[in-house]
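Next come the chains, spelled out residue by residue.
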Protein chains: 2
Amino acid sequence: MPIPTDHQLFELGDVVLQDGLTLRDAKLAYQTYGTLNDDKSNAVVYPTWYSGRHTDSEWLIGTDKALNPDELFIIVPNMLGNGLSSSPSNTPPPYDRARFPHVTFYDQVECQHKLVTEHFGIESLRLVTGWSMGAGQTYQWAVSHPEMVQRAAPFCGSSVTSQHNRVFLESITAALRADAAFAEGWYRELPEKGIRAFARVYAGWGFSQAFYWQEEWRRLGFSSLEDFLVGFWEGFWLDERDPNNLLAMAWTWWHGDVGNTPGFDGDTVKALNSIRCPLLSMPAEKDLYFPPEDEQWAAQHIPRGEVRVIPGVWGHFAGGGLCPEDTEFIDRGLRDVLAMDP
Amino acid sequence: MPIPTDHQLFELGDVVLQDGLTLRDAKLAYQTYGTLNDDKSNAVVYPTWYSGRHTDSEWLIGTDKALNPDELFIIVPNMLGNGLSSSPSNTPPPYDRARFPHVTFYDQVECQHKLVTEHFGIESLRLVTGWSMGAGQTYQWAVSHPEMVQRAAPFCGSSVTSQHNRVFLESITAALRADAAFAEGWYRELPEKGIRAFARVYAGWGFSQAFYWQEEWRRLGFSSLEDFLVGFWEGFWLDERDPNNLLAMAWTWWHGDVGNTPGFDGDTVKALNSIRCPLLSMPAEKDLYFPPEDEQWAAQHIPRGEVRVIPGVWGHFAGGGLCPEDTEFIDRGLRDVLAMDP
């Protein structure tokens, strides 16, 4: 897919990050769907996922969907690091490429908050929702800005990156770094072997064991397992997904923890407990790196937390918009959460 | 651990493999525990697992165990490719290193059969058992030699390598190959970065999500997650486990399928159906690459097949002898299967 060019750029100015570095002249790429109403009460924030762009999120938006642009004003901010917002691949020296600073979920949400409040003048959000790292940003919004978030619906993601999930991140990044062409991030030519290895490691995690057993990849138009590994997985990660960008976003993911929000001093449970709005989490039954158990754990610490497990064999990609049944399940969840009292 | 030197070498002579190549002057390294009785009725075959050596299997053998060397004669044959039996690392040119021929589970078992029958003159086996790829060899024994195998007890392994399991194998091997130092197998210096990447990928699979969540690695004496990744996982795969050996064994694993036994023409179900002895399979509840579901599937096609799931969070390594509770479960299973009528 060609990289989208239909988005707007919001000038963030100089962003001082949690780790102390300053991202100068930072930019937040975003797209909106629908019209902001007069009292600015119909806004939704729907952040992107690991390497996803706003266009990759559009499958959940439509006049036949809960995220209906005839009724809602849906803002899709691109994550810092995804190649459209400020990223290793597009930041000028000296903070370019391997020197791009570490960005936390908290930092991500503060940038989005600036867009929402300063640019749009929005003071409350009807809903925040997102898949995977988008779910992580959803949790972060609910903790960072309980005064604004009326409802939250993270799907296939978590409030804190579990240890096992971190091992998964170690595995994909170690595969990428094993390619000498990666040159510690100072490559001029793509470390293609490393990217393809990264892709093959990811392939085992993105979908469940049962997905492969049942050869569900046939529904996506692939002719054999190897065709799926090359065509879907290698193709996906070779699609203009810059390795330094992937590592920057992996750093954000690895360090995901709402407890690291200022004021909570690393206390994840205390942070979860501070969430005021109804929060519906939808993990996928067979998600291998965001298992439902982790969400059950989180929900017990969120006063108005609820978990609904997406059934089926698609694993993490249940939330990727590729399986109509799973999309319908998520859409129904969003419909229900939008009907809840804030 | 130093590479063991206490084993015997059985001269296999020239072995014609399923894929048509001949492994000349092949050697099978093995160790025995206990004494073969006069009527040769107390023999057990207990094959090794992926990269494991006979010494790595001794935790399940003992006078207080089902595999009691005071009563049984336990033969532990080292898999071809494991570095002790004929392997890429020890075979002279021209079939050395990256040119080592492909060996199937069927080939492995034929070599072991030669040792058992020609060297020891044994005509029936009281039990065949093994972990992981050792379980694959157990299934293969039961299909290749139903006339000899009186009981079978594979644990944490399968009769056919599932598609998802193949993706797992693709992921570890792609990480290793991504290191240019691997040089398509013609390295003279170890591709250490590739091995360490291989190790990190493996780390996510060997134990379950819950194992990491509960920080069970503390029971193994590690002080942090990273300490476990370096100390256990990188240490494990850097311990004289030659990369070409790892790839040779991964090839065997990837192609595991009892249906490829001569006479079954690729029909896995027909092959399972031909197993005559009682077969007790013990998958681990949270094994990520040999999930219990696959064993339930296999058991329904084995006339005297039974499945007992090892409970707990250790995942695949439930069968690795590191968790006392799991070892006790497996030992009890072996005790029960040894008491069954052949």
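Residues numbered from 1 in each chain as written. Chains lettered and ligands numbered in written order. Predicted model: local features only at pLDDT ≥ 70, side-chain atom pairs only at ≥ 80, totals over all residues. Heavy atoms only, no water.

Right, let's get into the overall build of chain A. When helices and strands are counted, chain A shows 10 helices and 8 strands. A compact globule built from 342 residues should have a C-alpha radius of gyration of about 20 Å, and chain A, at 19 Å, falls within 12% of that. With respect to the principal axes defined by its C-alpha atoms, chain A has extents near 50 × 50 × 40 Å. Across the 342 residues of chain A, 64% fall into the buried class. Excluding contacts between residues fewer than 6 apart, the proportion of contacts in chain A whose partners are at least 24 apart in sequence is 74%. As displayed, chain A offers around 12100 Å² of accessible surface, 49% of which is attributable to carbon and sulfur atoms. The distance from the centre of the 26 positive side-chain charges to the centre of the 46 negative ones in chain A is 2 Å. (Helix = DSSP H or I, 4+ residues; strand = E, 2+ residues; numbered from the N terminus. Rg over C-alpha atoms; globule rule 2.2 N^0.38 Å. Buried < 20%, exposed > 50% of the residue type's maximum accessible area, 1.4 Å probe, protein only. Contact = heavy atoms within 4.5 Å. Areas by Shrake-Rupley, 256 points an atom, 1.4 Å probe, with all protein chains shown as cover. Lys, Arg positive; Asp, Glu negative; His and termini not counted. Charge placed at Lys NZ, Arg CZ, Asp CG, Glu CD.)

Further remarks concern the relation of the copies chain B and chain A. Superposition record for chain B on chain A: RMSD 0.0 Å, screw rotation 180°, translation along axis 0.0 Å. In symmetry terms, the pair is related by a two-fold rotation axis. A shared binding surface is used by both copies, with 100% of the interface residues of chain B retained as interface residues in chain A. (Least-squares fit on C-alpha atoms with pLDDT ≥ 70 in both.)

Moving on, we get to the side chain of Glu216 of chain B. Within the fold, Glu216 of chain B resides in the loop between helix 5 (209-213) and helix 6 (225-238). For Glu216 of chain B, a relative accessible area of 13% corresponds to the buried category.

Let us now look at the state of the cysteines. Chemically, a disulfide is nothing more than a covalent bond linking the sulfur atoms of two cysteines. All names here are of chain A. Evaluation of the coordinates by the stated rule reveals 0 disulfides over all chains. As a non-bridged cysteine, Cys323 has Cys156 as the owner of its nearest cysteine sulfur, 11 Å distant. For Cys323, a relative accessible area of 2% translates into the label buried. (Disulfide = S-S within 2.5 Å.)

For the rest of this paragraph, the subject is the interface of chain B and chain A. Taken residue by residue, the interface counts 37 residues in chain B and 37 residues in chain A. The interface formed by chain B and chain A contains 4 salt bridges. Across the chain B-chain A interface, the total number found is 12 residue pairs in polar contact (both at pLDDT 80 or more). Mapped onto the side of chain B that touches chain A, the elements with two or more residues apiece are helix 3 (163-177), helix 4 (192-206), helix 5, helix 6 and helix 9 (292-299) of chain B. (Salt bridge = Lys/Arg side-chain N within 4 Å of Asp/Glu carboxyl O. Polar contact = N/O pair within 3.5 Å; in protein donor to acceptor, adjacent residues only side chain to side chain.)

Now for helix 6 of chain B. Compared with the 20 Å implied by 1.5 Å per residue over 14 residues, the 18 Å span of helix 6 of chain B between its first and last C-alpha is a close match. Within the sequence span of helix 6 of chain B, burial applies to Leu225, Phe228, Leu229, Phe232, Trp233, Glu234, Phe236 and Trp237 of chain B. On its buried face, helix 6 of chain B sits against helix 3 (163-177) of chain A together with helix 4, helix 5 and helix 7 (243-254) of chain B. Downstream of helix 6 of chain B by a residue or two, Glu240 of chain B has a phi angle that is positive, lying close to 55°. (Expected span 1.5 Å × (residues − 1).)

Residues and elements named next belong to chain B. Inspection of every chain in the model, using the stated rule, returns 36 salt bridges over all chains. Between Arg200 and Glu234 there is a salt bridge; the shortest N-O distance is 2.9 Å. Of this pair, Arg200 sits in helix 4 while Glu234 sits in helix 6; the two residues are 34 residues apart in sequence, bridging distant segments of the chain. By relative accessible area, Glu234 is classed as buried at 6%.

This paragraph deals with the pairing of strand 4 (residues 73-77) of chain B. Remark: a regular strand shows side chains that alternate across the two faces of the sheet. Residue and element names in this part refer to chain B. Of all 5 residues that make up strand 4, 5 are buried, and the element is covered over most of its length. Burial of strand 4 is two-sided: the residues Phe73, Ile75 and Pro77 facing one way and the residues Ile74 and Val76 facing the other way are all buried. Here strand 2 (residues 22-33) pairs with strand 4 via 4 bridges, running antiparallel. Bridge pairing in strand 4 links Tyr30 to Pro77. (Pairing = 2+ DSSP bridges.)

Once that is clear, we can look at the packing of helix 3 of chain B against helix 4 of chain B. Residues and elements named next belong to chain B. Two elements in contact, helix 3 and helix 4, have axes whose closest approach is 6 Å; the angle formed by their N-to-C orientations is 155°. The orientation of helix 3 relative to helix 4 falls into the category roughly antiparallel. Considering how the two elements wind past one another, helix 3 and helix 4 form a crossing that is right-handed. Where helix 3 approaches helix 4, its residues His164, Phe168, Ser171, Ile172, Ala175 and Leu176 are matched on the opposing element by Gly194, Ile195, Ala197, Phe198, Val201, Tyr202 and Trp205. By residue class, the composition of the contact of helix 3 with helix 4 is 10 nonpolar, 3 polar and no charged. (Axes fitted to C-alpha atoms, helices over the stretch in contact; angles between N-to-C directions. Parallel < 35°, antiparallel > 145°, perpendicular 65-115°, else oblique. Left-handed = near helix turned anticlockwise from the far one by under 90°. Nonpolar A, V, L, I, M, F, W, Y, C, P; charged D, E, K, R; others polar.)

In this section: the domain arrangement of chain A. Where interface size is quoted, it is often the accessible area lost as the parts come together. All names here are of chain A. Segmentation of chain A into domains returns domain 1 (8-161 + 255-338) and domain 2 (165-249). Taking only C-alpha atoms into account, the centre of domain 1 sits 23 Å from that of domain 2. Counting residues at the interface gives 36 residues for domain 1 and 38 residues for domain 2. Summing both partners gives a buried area of about 3000 Å² for domain 1 against domain 2, and 60% of it is carried by carbon and sulfur. Considering only the surface of domain 1 that becomes buried against domain 2, Tyr50, Arg97 and Tyr289 emerge as the three largest contributors, covering 26% of it. Linking domain 1 to domain 2 there are 2 salt bridges. (Domains from an automatic or database assignment. Buried area = accessible area lost by both parts, 1.4 Å probe.)

With that settled, consider unusual backbone geometry. Residues and elements named next belong to chain A. Omega for the bond connecting Pro93 with Pro94 falls within 30 degrees of zero, at 10°, which places this linkage in the cis form. Counting through the fold element by element, Pro94 comes out in the loop between strand 4 (73-77) and helix 1 (105-119). Of note, the phi angle at Arg97 is positive, near 50°, even though the residue is not glycine. With respect to the helices and strands, Arg97 occurs in the loop between strand 4 and helix 1. With a relative accessible area of 17%, Arg97 lands in the buried category. The backbone of Cys156 sits at a positive phi, close to 55°, despite the residue not being glycine. Note that Cys156 resides in the loop between strand 6 (152-155) and helix 3. Taking the relative accessible area as the measure of exposure, Cys156 reaches 1% and is therefore buried.

So, about the packing of helix 3 of chain B against helix 7 of chain B. Residue and element names in this part refer to chain B. Contact geometry for helix 3 and helix 7: axes closest at 10 Å, N-to-C directions at 165°. Between helix 3 and helix 7, the angle falls in the class roughly antiparallel. The chirality of how helix 3 crosses helix 7 is left-handed. Contacts between helix 3 and helix 7 involve Asn165, Arg166, Phe168, Leu169, Glu170, Thr173, Leu176 and Arg177 from the first element and Pro243, Leu247, Ala250, Trp253 and Trp254 from the second.

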